[in-house]
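Chain by chain, the residues run as shown.
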Amino acid sequence: MNIPNPLSARDNDLSHIIEADRAHVWHHLLQHKALETTDPRIIVEGKGIRVWDAAGREYIDAVSGGVWTVNVGYGRESIANAVRDQLIKMNYFAQSAGSIPGSLFAEALLDKMPGLSRVYYANSGSEANEKVFKMVRQISARHHKGKKSKILYRDRDYHGTTLANLAACGQPERAALYGPLPEGFIQVPHCLEYRKQWDVEDYGRRAADAIEEVILREGADEIGLLCLEPITAGGGSSCLRQAIGSACRRSAGNTTSCSISTKSSAVSAAPAHGSAISTTACSPIS
Ligand SMILES: Cc1ncc(COP(=O)(O)O)c(C=O)c1O
């Protein structure tokens, strides 16, 4: 098959690219019906905060790669050069062995996360969270005779696209078509103050108490993980309240771990002696 070189096509006629996309690419987060009558948008190039599409239109990318994924911006030569150099020197070896960048990055990352001692590399946020769920379950099986296996997640929070992450998804509309989902995931109330499910002075405190109520209801010795987005993003843009951090600290004595999930890097970390903490980019709650 004759596949046009995208780089040479970029400067010339992109009609083949547009038709190939329309015919063969299954896009994420996009209703395809519209593509029957309009061209799919092909993003061709980026520089700084700007991107250009196949029609030559210029955009300021205020959503960082469509879904908050390209926080460093576009066309960063220093990053491209570092990646190129590493690919030529040593492109891949399974993590059964170490690597120079893997060791150094883990050290630099943990330097920013006091209390954690180890990084597990994964390919995506979803995969990192899956790994954490598995850590919790393994610790439960090995050390707690099956107790401390339940995973708490918060209404409106999102943690990824796999089945276990959908079981931990506080947006039921995303999970609706994919059951049956894994068991043992328990929802705690959201803390979106503008929705005011509690009429109280200290909303953060009340939201924290609501989490604690669920922990006490389920039994503190049954809970292995509290999984939270520090800033609930797709679920309504709301920041983690200080009081919730404090409540997590308080209940951490009774649960296997507390975990805060953020999206854009894909690592998990765990303390040396078995209690899993973490998710995507992870930090102890402080
Ligand atoms: C808070 C949060 N956690 C996890 C994920 C999943 O990450 P990924 O898309 O890399 O699988 C996302 C993705 O949007 C996210 O927003």
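Residues numbered from 1 in each chain as written. Predicted model: local features only at pLDDT ≥ 70, side-chain atom pairs only at ≥ 80, totals over all residues.

1. Things to note about the overall build of the protein chain
Step number 1: Counting its secondary structure elements, the protein chain contains 10 helices and 11 strands.
Step number 2: In the protein chain, which comprises 286 residues, the share counted as buried stands at 28%.
Step number 3: A separation threshold of at least 6 residues defines the contact pool for the protein chain, and within that pool the share at least 24 residues apart is 60%. (Helix = DSSP H or I, 4+ residues; strand = E, 2+ residues; numbered from the N terminus. Buried ≥ 20, exposed ≤ 12 C-beta atoms within 10 Å, placed from the backbone. Contact = placed C-beta atoms within 7 Å.)

2. Looking at the nonpolar core
Step number 1: Val132, Val136, Ile151, Leu152, Ala168, Leu225 and Cys227 are the most contacted members of the largest nonpolar core, which totals 27 residues.
Step number 2: Only helix H6 (125-143), strand E5 (150-154), helix H7 (163-167), helix H9 (203-218) and strand E7 (223-228) provide two or more residues apiece to this core.
Step number 3: In terms of residue count, the dominant contributor to this core is H6 (6 residues).
Step number 4: Once residues lying within four places of it in the same chain are set aside, the contact partners of Leu152 are Ile186, Val188, Val214, Ile223, Leu225, Leu226 and Cys227. (Core = buried A, V, L, I, M, F, W, Y, C linked by C-beta atoms within 7 Å.)

3. Some points on unusual backbone geometry
Step number 1: A cis amide bond links Gly179 with the next residue in sequence, Pro180, at an omega value of -5°.
Step number 2: Considering the arrangement of structural elements, one finds Pro180 in the loop between helix H8 (172-175) and strand E6 (185-188).
Step number 3: Positioned with a positive phi, Leu29 is a non-glycine residue whose angle comes to about 50°.
Step number 4: Residue placement: Leu29 occurs in the loop between helix H2 (15-24) and strand E1 (43-47).
Step number 5: Residue Leu29 is classed as exposed on the basis of its 6 C-beta neighbours within 10 Å.
Step number 6: Even without a glycine there, the phi angle at Ser64 is positive, about 50°.
Step number 7: One can find Ser64 in helix H3 (residues 64-68).

4. So, helix H4 (residues 77-89)
Step number 1: The end-to-end C-alpha distance of H4 is 18 Å, a good match for the 18 Å that 13 residues give at a rise of 1.5 Å each.
Step number 2: Of all 13 residues that make up H4, 0 are buried, and the element is exposed over most of its length. (Expected span 1.5 Å × (residues − 1).)

5. A few points about the sheet that holds strand E3 (residues 58-60)
Step number 1: Pairing within the open sheet is antiparallel, and its 3 strands lie in the order E1-E2-E3. The open sheet has two edge strands with one neighbour each: E1 and E3. Averaged over all pairs of adjacent strands, the angle between their axes in this sheet comes to 25°, without regard to strand direction.
Step number 2: Here E1 runs beside strand E2 (residues 50-53); their pairing, made up of 4 bridges, is antiparallel. Note that in E2 the partner of Glu45 across the bridge is Trp52. (Pairing = 2+ DSSP bridges. Axes fitted to C-alpha atoms, helices over the stretch in contact; angles between N-to-C directions.)

6. A word on H9
Step number 1: Between its first and last C-alpha atoms H9 spans 23 Å; for 16 residues at 1.5 Å apiece the expected length is 22 Å, and the two agree.
Step number 2: The complete set of buried residues in H9 reads Ala207, Ala208, Ile211 and Ile215. Mapping the buried residues of H9 onto a view down its axis gives an arc of 100°, with all of them on the same face. Relative to its buried face, H9 has exposed residues pointing more than 90 degrees away, namely Glu213, Leu216 and Arg217.
Step number 3: The positive-phi residue at the C-terminal boundary of H9 is Gly219, with phi of around 100°. (Arc of directions from axis to C-beta.)

7. A closer look at the pairing of E7
Step number 1: Burial analysis of E7 places 6 of its 6 residues in the buried class, which makes it a mostly covered element.
Step number 2: Taken together, the 4 bridges between E5 and E7 define a ladder with parallel strand orientation. Note that in E7 the partner of Leu152 across the bridge is Leu226.

8. Things to note about the environment of Glu212
Step number 1: Here Glu212 is to be found in helix H9.
Step number 2: Between the alpha carbons of Glu212 and Val188 there is a distance of 8.9 Å; along the sequence they are 24 residues apart.

9. Topic: the environment of Ile231
Step number 1: One can find Ile231 in strand E8 (residues 231-232).
Step number 2: Using a count of 14 C-beta atoms within 10 Å as the deciding quantity, one classes Ile231 as partly exposed.
Step number 3: In the structure, Ile231 is positioned 74 residues away from Asp157 in sequence and 8.7 Å away in space, judged by C-alpha atoms.

10. Quick look at the environment of Ser124
Step number 1: Mapped onto the fold, Ser124 is located in the loop between strand E4 (119-121) and H6.
Step number 2: When the C-alpha atoms of Ser124 and Gly160 are compared, they prove to be 8.8 Å apart, with 36 residues separating the residues in sequence.

11. Section: the confidence of the model for the protein chain
Step number 1: Of the residues in the protein chain, 79% have a pLDDT of 70 or more, and the chain-wide mean is 83.
Step number 2: A low-confidence stretch, residues 253-286 stays under pLDDT 50, and its non-local contacts, those more than four residues away or across chains, total 126 contacts. (pLDDT = per-residue confidence, 0-100.)

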